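Here's the letter readout for the chains.
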Amino acid sequence: MNISAFTTEASPHAAHIDRIFYGLSTASVLIAILVFGLVFGFSFRFYRGSKAKRGPLPHFLQNEFEIGWTVATLFLFLFFFWWAATAQLYALTPPKNALQIHVVAKQWMWKVEQPSGVREINELHAPTGEPVVLVMTSEDVIHSLFLPALRIKQDVLPDRYTYLWFTADKPGVYMLECAEFCGTGHSRMTGRLVIMKPPDYARWNSAQPQSSGLAQQGEALFRSLGCSGCHAQASSIHAPDLNGVFNSQVHLSDGRTVIADEAYIRDSILDPRRDVVAGFQPIMPSFKGQLSESQLVRLIAYVKSLTLKPEARQ
Ligand code: CUA
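1. Details of the overall build of the protein chain
Of regular secondary structure, the protein chain possesses 7 helices and 12 strands. Taking 20 Å as the expected radius of gyration for a compact globule of 314 residues, we find that the protein chain reaches 27 Å, considerably beyond that expectation. Considered along the principal axes of its C-alpha atoms, the protein chain spans approximately 100 × 50 × 40 Å. Counting across all 314 residues of the protein chain, residues that qualify as buried make up 40%. Put simply, 65% of the contacts in the protein chain that link residues at least 6 apart link residues at least 24 apart.

Pasting the structure below:
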């Protein structure tokens, strides 16, 4: 493994994390030097039989000094806690306008679906200068996507979506790793993160074997699977209209309200009887076991595209 992967900073967030790391290390080393200096200094000065004065401490070195020292270190480390916690909290919430790239993990490879419909294996291309959110799921066991140059890592779980986001600012080729032991092929579950300037990224996208966009492929699936038979507005069967449903509040028949995010749409396809929309009959068949994660990604991209305006991103 190449150590430079852990020192290259390919995003402002990476630089931020490093500042916290260096700050914490410096403070720890300085305090360790001080404590060990005092331990050795006192051992030398007050060894048994030395002539050092051993009376009570001068007054100012009693309570005040001890309280001051304790409170100062307490606040110093509370400051580090605050500094690190705000950086982590910030990293938890992807911006709404981020470019969405889907990542599907399986034993033992990373499959990536670009918004343009381009598919990659063990490679992840992304542009600089704009937020990118990775919407991730696994086809089998727990994996973990680790992008050391961006100082971000997130578990990737079956039957669930997890997210990672970043805004890269330095074009280059970086490591992409699985950081969760996921079977005998775990150590080979690596790849490349390729960060490119936006024009290069656009050129790269159009140079790939071109397919239609994710949402368009989702629309084709939506028809071939027969979803459009019931979810079309003119349909005689009563099924919820999907226009504008993504990210909206949905009232369920049992009185709960949920936000129709990726996970909700995924669950509604695989387990439609669980969260039935208020006013509808639980008549939709389950598609569990019939769809691959890539097909689900396409269907969800299509449902999302029904909410976002045409000029917005899918
Ligand atoms: Cu996938 Cu380790």
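2. A closer look at the packing of helix H1 (residues 12-45) against helix H2 (residues 63-92)
Between H1 and H2, the shortest axis-to-axis distance is 10 Å and the interhelical angle comes to 165°. When the axis of H1 is compared with that of H2, the two are roughly antiparallel. The chirality of how H1 crosses H2 is left-handed. Two secondary-structure elements touch here, H1 through His13, His16, Ile17, Arg19, Ile20, Gly23, Leu24, Ala27, Ile31 and Leu34 and H2 through Trp69, Thr73, Leu76, Phe77, Phe80, Trp83, Ala84, Ala87, Gln88 and Ala91.

3. Regarding helix H6 (residues 262-270)
With respect to burial, H6 is a largely interior element, 7 of its 9 residues being buried. Within H6, burial applies to Glu262, Tyr264, Ile265, Arg266, Ser268, Ile269 and Leu270. Looking at the buried side of H6, the elements it contacts are strand E1 (99-106), strand E5 (132-138), strand E8 (162-166), strand E11 (249-251), strand E12 (257-259) and helix H7 (293-305).

4. A few points about the nonpolar core
Ranked by size, the top nonpolar core spans 33 residues in total, and within it Ile101, Trp110, Leu134, Leu145, Leu147, Leu150 and Phe166 carry the most contacts. When residues no more than four places from it in sequence are discounted, the contact partners of Phe166 are Ala126, Glu130, Pro131, Val132, Leu134, Leu147, Leu150, Ile152 and Ile195. Leu270, Val277, Leu296 and Leu299 belong to the second largest nonpolar core, which has 25 residues in total.

5. Thoughts on helix H4 (residues 214-224)
Three or more residues of H4 are buried, namely Leu214, Ala215, Gln217, Gly218, Leu221 and Phe222. Burial along H4 is one-sided: seen end-on, the buried residues are contained in an arc of 155°. For H4, the exposed residues lying more than 90 degrees away from the buried face are Gln216 and Ser224. Packed against the buried residues of H4 are E1, strand E2 (109-113), helix H5 (227-231) and H7. Gly226, located one to two residues past H4, shows a positive phi value of around 90°.

6. Comments concerning a nonpolar patch on the surface
Together, Leu34, Val35, Phe36, Leu38, Val39, Phe40, Phe42 and Trp69 make up an exposed nonpolar region whose accessible area comes to about 790 Å². With 7 residues, H1 is the largest single contributor of residues to the nonpolar patch. Along the polypeptide, Phe40 turns up in helix H1.

7. A look at the sheet that holds strand E10 (residues 191-196)
Taken in spatial order, the 5 strands line up as E4-E10-E9-E6-E7 in an open sheet, and their pairing is mixed. The open sheet terminates on both sides in strands that have one partner only, identified here as strand E4 (123-127) and strand E7 (152-156). Going from strand to strand, the sheet's axes swing by 20° on average, the running direction of each strand aside. The pairing of strand E6 (residues 143-147) with strand E9 (residues 172-178) spans 2 bridges and is antiparallel. Bridge pairing links Leu145 to Cys178 in E9. Contacting E4 and E10, helix H3 (residues 198-207) crosses the sheet at an angle of about 135° to E4.

8. Let's talk about the sheet that holds E5
Here 5 strands make up an open sheet; going across it, the order is E3-E2-E1-E5-E8 and the pairing mixed. Of all the strands in the sheet, just strand E3 (119-121) and E8 have a single pairing partner and so form its edges. Strand after strand, the sheet turns through a mean of 25° between neighbouring axes, direction not considered. Here E1 runs beside E2; their pairing, made up of 5 bridges, is antiparallel. Its bridge partner lying in E2, Val103 is registered against Val112.

9. Describing unusual backbone geometry
Note the cis peptide between Gln107 and Trp108, where omega equals -5°. One can find Trp108 in the loop between E1 and E2. Even without being a glycine, Asn122 presents a positive backbone phi close to 60°. Here Asn122 is to be found in the loop between E3 and E4. Residue classification places Asn122 among the partly exposed positions, given a relative accessible area of 21%. Although it is not a glycine, Asp159 sits at a positive phi angle of roughly 60°.

The rules behind each value
Residues numbered from 1 in each chain as written. Predicted model: local features only at pLDDT ≥ 70, side-chain atom pairs only at ≥ 80, totals over all residues. Heavy atoms only, no water. Helix = DSSP H or I, 4+ residues; strand = E, 2+ residues; numbered from the N terminus. Rg over C-alpha atoms; globule rule 2.2 N^0.38 Å. Buried < 20%, exposed > 50% of the residue type's maximum accessible area, 1.4 Å probe, protein only. Contact = heavy atoms within 4.5 Å. Axes fitted to C-alpha atoms, helices over the stretch in contact; angles between N-to-C directions. Parallel < 35°, antiparallel > 145°, perpendicular 65-115°, else oblique. Left-handed = near helix turned anticlockwise from the far one by under 90°. Core = buried A, V, L, I, M, F, W, Y, C linked by side-chain atoms within 4.5 Å. Arc of directions from axis to C-beta. Patch = residues over 30% accessible without salt bridge, like charges linked within 9 Å, V, L, I, M, F, W, Y side chains within 5 Å. Areas by Shrake-Rupley, 256 points an atom, 1.4 Å probe, with all protein chains shown as cover. Salt bridge = Lys/Arg side-chain N within 4 Å of Asp/Glu carboxyl O. Pairing = 2+ DSSP bridges.

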